[in-house]
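# Examination of the molecular architecture
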Amino acid sequence: MQLNSSIGLKFIANFLNIEANCEDCEIAKLTTLKLATHEDVSFFDNEKYLNDLKTTQAKAVLLKEEFVKFLPNGVIALISKEPYLKMAELSQLFKSSLISSDIKEPIIGNNCTILPNVYIGSGSKIGENVTILAGSFIGENVTIGSNTIIYPNVSIYNNCVIGSNVILHAGVVVGSDGFGYAHTKDGKHIKIEHLGNVEIEDDVEIGSNSTIDRAVFGVTIIKKGTKIDNLVHVAHNCEIGEYSIIVAQSGLSGSTKLGRNVIMGGQSATAGHLSIGDFATIAARGGVTKSIEGKKTYSGFPLMEHRKWLKLQAKLSKFSQE
Amino acid sequence: MQLNSSIGLKFIANFLNIEANCEDCEIAKLTTLKLATHEDVSFFDNEKYLNDLKTTQAKAVLLKEEFVKFLPNGVIALISKEPYLKMAELSQLFKSSLISSDIKEPIIGNNCTILPNVYIGSGSKIGENVTILAGSFIGENVTIGSNTIIYPNVSIYNNCVIGSNVILHAGVVVGSDGFGYAHTKDGKHIKIEHLGNVEIEDDVEIGSNSTIDRAVFGVTIIKKGTKIDNLVHVAHNCEIGEYSIIVAQSGLSGSTKLGRNVIMGGQSATAGHLSIGDFATIAARGGVTKSIEGKKTYSGFPLMEHRKWLKLQAKLSKFSQE
Amino acid sequence: MQLNSSIGLKFIANFLNIEANCEDCEIAKLTTLKLATHEDVSFFDNEKYLNDLKTTQAKAVLLKEEFVKFLPNGVIALISKEPYLKMAELSQLFKSSLISSDIKEPIIGNNCTILPNVYIGSGSKIGENVTILAGSFIGENVTIGSNTIIYPNVSIYNNCVIGSNVILHAGVVVGSDGFGYAHTKDGKHIKIEHLGNVEIEDDVEIGSNSTIDRAVFGVTIIKKGTKIDNLVHVAHNCEIGEYSIIVAQSGLSGSTKLGRNVIMGGQSATAGHLSIGDFATIAARGGVTKSIEGKKTYSGFPLMEHRKWLKLQAKLSKFSQE
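Here goes a summary of the coordinates provided. (Residues numbered from 1 in each chain as written. Chains lettered and ligands numbered in written order. Predicted model: local features only at pLDDT ≥ 70, side-chain atom pairs only at ≥ 80, totals over all residues. Heavy atoms only, no water.)

## Considering the sheet that holds strand β35 (residues 287-288) of chain A
Strand order in the open sheet made by the 9 strands is β9-β12-β15-β18-β23-β26-β29-β32-β35 (chain A), with parallel pairing throughout. Looking along the sheet, the strands with just one partner apiece sit at the ends: β9 (119-120) and β35 of chain A. (Pairing = 2+ DSSP bridges. Helix = DSSP H or I, 4+ residues; strand = E, 2+ residues; numbered from the N terminus.)

## With respect to the interface of chain A and chain B
Accessible area lost when the parts come together is the quantity often used to give the size of an interface. Contact with chain A, which involves 43 residues of that partner, is made by 47 residues of chain B. Carbon and sulfur atoms supply 61% of the area buried between chain A and chain B, which totals about 3500 Å² over both sides. At the boundary of chain A with chain B, the tally comes to 1 salt bridge. Residue Glu205 of chain A is joined to Lys191 of chain B by a salt bridge in which the shortest nitrogen-to-oxygen separation is 2.7 Å. If you look at where chain A meets chain B, you find 26 residue pairs in polar contact (both at pLDDT 80 or more). At 7 residues, helix α4 (residues 306-321) of chain A tops the list of elements feeding residues into the side of chain A that touches chain B. The residue makeup of the side of chain A that touches chain B, split by class, is 20 nonpolar, 17 polar and 6 charged. (Contact = heavy atoms within 4.5 Å. Buried area = accessible area lost by both parts, 1.4 Å probe. Salt bridge = Lys/Arg side-chain N within 4 Å of Asp/Glu carboxyl O. Polar contact = N/O pair within 3.5 Å; in protein donor to acceptor, adjacent residues only side chain to side chain. Nonpolar A, V, L, I, M, F, W, Y, C, P; charged D, E, K, R; others polar.)

## Concerning the environment of Val61 of chain C
Residue and element names in this part refer to chain C. Tracing the sequence through the fold places Val61 in strand β5 (residues 60-63). Residues Val61 and Ser42, spaced 19 residues apart in sequence, show a C-alpha to C-alpha distance of 4.7 Å. With residues near it in sequence (within four places) discarded, Val61 still touches Leu33, Ser42, Phe43, Phe44, Leu53, Thr56, Leu71, Val75, Ile76, Ala77 and Leu78.

## A word on the pattern of salt bridges
Scanning all chains against the criterion turns up 32 salt bridges over all chains. Measuring nitrogen to oxygen at the nearest pair gives 3.8 Å for the salt bridge that ties Lys95 of chain C to Glu193 of chain C. Here the residue Lys95 of chain C occupies a position in the loop between α3 (83-94) and β7 (107-108), and Glu193 of chain C occupies one in the loop between β20 (189-191) and β21 (197-200), the gap between them amounting to 98 residues. Taking relative accessible area as the criterion, Lys95 of chain C reaches 37% and is therefore assigned partly exposed. On the basis of relative accessibility, which here comes to 7%, the residue Glu193 of chain C falls in the buried class. Lys191 of chain C serves as the salt-bridge partner of Asp177 of chain C, at 2.8 Å between the closest nitrogen and oxygen. Placement of the pair is Asp177 of chain C in the loop between β18 (173-176) and β19 (181-183) and Lys191 of chain C in strand β20, with a sequence separation of 14 residues. You'll find Asp177 of chain C and Lys191 of chain C in the same group, each marked buried. Sharing partners across several salt bridges, the network here consists of Glu293, Lys296, Glu305 and Arg307 of chain A. (Buried < 20%, exposed > 50% of the residue type's maximum accessible area, 1.4 Å probe, protein only.)

## Thoughts on the relation of the copies chain A and chain B
One copy of the chain maps onto the second through a rotation around an axis plus a translation along that axis. Of the transformation placing chain A onto chain B, the axial shift is 0.0 Å and the rotation is 120°, giving an RMSD of 0.0 Å. The two molecules are tied by a three-fold rotation axis, judged by turn and shift. (Least-squares fit on C-alpha atoms with pLDDT ≥ 70 in both.)

## What about the interface of chain B and chain C?
With 43 residues of chain B at the interface, the matching set in chain C holds 47 residues. Together, the buried faces of chain B and chain C total about 3500 Å²; carbon and sulfur atoms form 61% of this surface. Counting the contacts that link chain B with chain C gives 1 salt bridge. Here chain B and chain C share 26 residue pairs in polar contact (both at pLDDT 80 or more) between them. For the side of chain B that touches chain C, the secondary-structure elements that each account for two or more residues are β25 (227-228), β28 (245-246) and α4 (306-321) of chain B. Among the elements that line the side of chain B that touches chain C, the one with the most residues is α4 of chain B, at 7 residues. Split into classes, the residues belonging to the side of chain B that touches chain C amount to 20 nonpolar, 17 polar and 6 charged.

## Remarks on the packing of aromatic side chains
The full count for this structure, using the stated rule, is 27 aromatic pairs over all chains. An angle of 85° between the planes, with centres 5.3 Å apart, marks the rings of Phe179 of chain B and Tyr181 of chain B as edge-to-face. No difference in accessibility class separates Phe179 of chain B from Tyr181 of chain B, as the two residues are buried. Measuring from ring centre to ring centre gives 5.9 Å for Phe43 of chain C and Phe217 of chain C, while their planes differ by 45°; the resulting arrangement is tilted. Highlighted residues: Phe43 of chain C in strand β4 (residues 40-43) and Phe217 of chain C in the loop between β23 (211-213) and β24 (219-222), separated in sequence by 174 residues. The same class applies to Phe43 of chain C and to Phe217 of chain C, which are both buried. Each residue in the set Phe43, Tyr84 and Phe217 of chain A is aromatic and connected to the rest through ring pairs, giving one cluster. Its end group placed over the ring of Phe301 of chain B, Arg285 of chain A keeps NZ or CZ at 5.2 Å from the ring centre. (Phe/Tyr/Trp six-rings, centres within 6.5 Å; stacked < 30°, edge-to-face > 60°. Lys NZ or Arg CZ within 6 Å of the ring centre and 35° of its normal.)

Laid out in structure tokens, this is it:
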């Protein structure tokens, strides 16, 4: 996804006001410890990821001094007291421009119907038999498969990937920046540029005015055959398994992973960084606060098994009448 | 609403891989047992509707073998072990095309103000003194009454009907497909095409980015003088009575019926297929799980009368301090 | 914000079918008792504002007969049994037209990138280095600061003010009418025209499909550095302090005031006309029903301090197993 040319490590260190005791080299992108390769810079600020630090392939890592000892041999330390804040600042450098100066004519397959007032950005590729209704925006380097229908006033940000036989209803937003900031000591919020994208697999349908945020690094992915209702929020870096069902006004927090055939009832929600097992059902209004196993039905907030919730409600009903 | 020409019954049976022991005849549309006339095909898959089956006027009905005996005389049985799934497949056949090849110039009344970048589809009729701001999409065969204001980036799907003195705020979506699928044994979701429409009566106002889904069959209707706030979801086949008030971020599930002057507080919700009596008030966050009578105030989830909810909260407050 | 020329008081009285025992004079605008100056008309219908009545600078006030005695010397009484309803009717007179007949070419700063299918209304002023993506609507007399990014299909209503370094994601609506009506005895809802606007200060970011309603009178304000996630609803006349964080699908009711660095978790909400102190945190799903002090964490609905909520949940968990 990284479209910029590489940036010198000395330049980066200088930009962040950090010392880099090493020879200069070219850095291809900023990414997580896990995703990083020999050409990338990464960061470490949460001990939960200590194992990733110990095994990272990154060229250089932003981190606090006391963790330098865990770096694999040869990885360059970029030492800071606030590595997360530095990462946010650095993300600005790796942001690609919204609109290319070097325009590549989009490629549009046979038999497409594209109404007036549709904008298609540089380098985008659209399959065969695609319908795009008026007022929709297709950013740059977007890929859309065949037989997909894009209803009016849909917005697809740069670099997103939409499969075949997908239906995006009016007002859907795919690829807007996730809600991610680093916070300064005096309470300001520094934007973390979202360098990842969104991938929507084949046979997915997304209801009107739902929003799917792009990943910080990597990808927010909605897998094959999943159906999403209206006004649903899917945060950055979520992964929704195949054939899941997300009913209206539900919200998924960042980096949450749903298995296949998960059902989330209306106005349900999840906290971030958790996983929901295959074939789990969350009843309407359920609020998932920690990882749960599949093949069960859950309710309530905090979440519990549905039969426990029913029992609790029955008891409360009695209790209120005592 | 059915704009396609009719389809032969033998063709339908063949398409669904079903036997039809009868002479061929023309079928006008697919619809419910109740709405069907002598020229229509319908389906039966829920014993709740057994009375409708016994009295249907349909020409032919998709159903399981054991219910054939309830069919009125002369109604043709289309026997399947999965009639609901077959109905979903059949709905594809009756879907009209999004964009007509035969274009009828829209008719626009006197004294309308229509800004640039507005799309108005074939066959639509717009009354007098209507204002449509930039970026809005009016589909095909849409009717809009007089003195109505359509703010920017509104999307109105084909065949919807908007009354006079209506205000649709920016980003409103009217007529997107409801969230309806038939499920295969291996967990896939087959889209049920939404062949109905939305009707919004006079003097209705709808807040920004709210979404009103079209009916599967028949109509989703919002009656005269009702006011809907921002980010509200109204599902397929709902009926909202006159002069109701729906506060922001509320959600109505499918086929729910509100009486007149019903008030739904912010972030409230209803389950599907229930009815709320005239002049009922649902407090903010109330979750209506079964039909309720009018002229009362309700709260909570599960829902209870408001005074009972207040009592319960008082008791819980004490309980937490014990 | 009031762009209409003034209206004669006798004309107003006649329009409202009210007697005005005074000489005629010109009225500049309709506004609150507090905001009114010697050229304005105001209204009184809630004893909570009795102090405002006693000290108002208004030229004339709509009110019930029994409150005339509280009017400061020289203020003209416009007596009605339904002053709130009369105010709603009067707001129609002071509404400015959506589209000017007298067109002033917008002023656009250096180095802006404005994609096709963008509409910019009469009299709007756009700073330097602003990016506006396709499908966005900028109404009349809108001001946008420098370095601001407006993503696709954003709608900004007339007279709103957007600061510098602001990011508005796709589908955001700024300045739609708030949800305000006066109710007749027979249950109809008379629209209160929203004569105020929205002001978004520098460094604010607003997530996709969020909606910010304009003030009835005065301004809905989002202060410097605040970050708002997707699908958030901010009602008329809210004030959100500097560097606050509003997570996805939260909703603020009318006239609510947040201090600085307030955090509202996902799907949280507030009732109207309350205030939240600086550095308060509302956990996800929290429902704020009365004013709360700052520097504390709250949860639940009804809201309580978070540690009390945790204790309650622990007790309920035990209780359900008894």
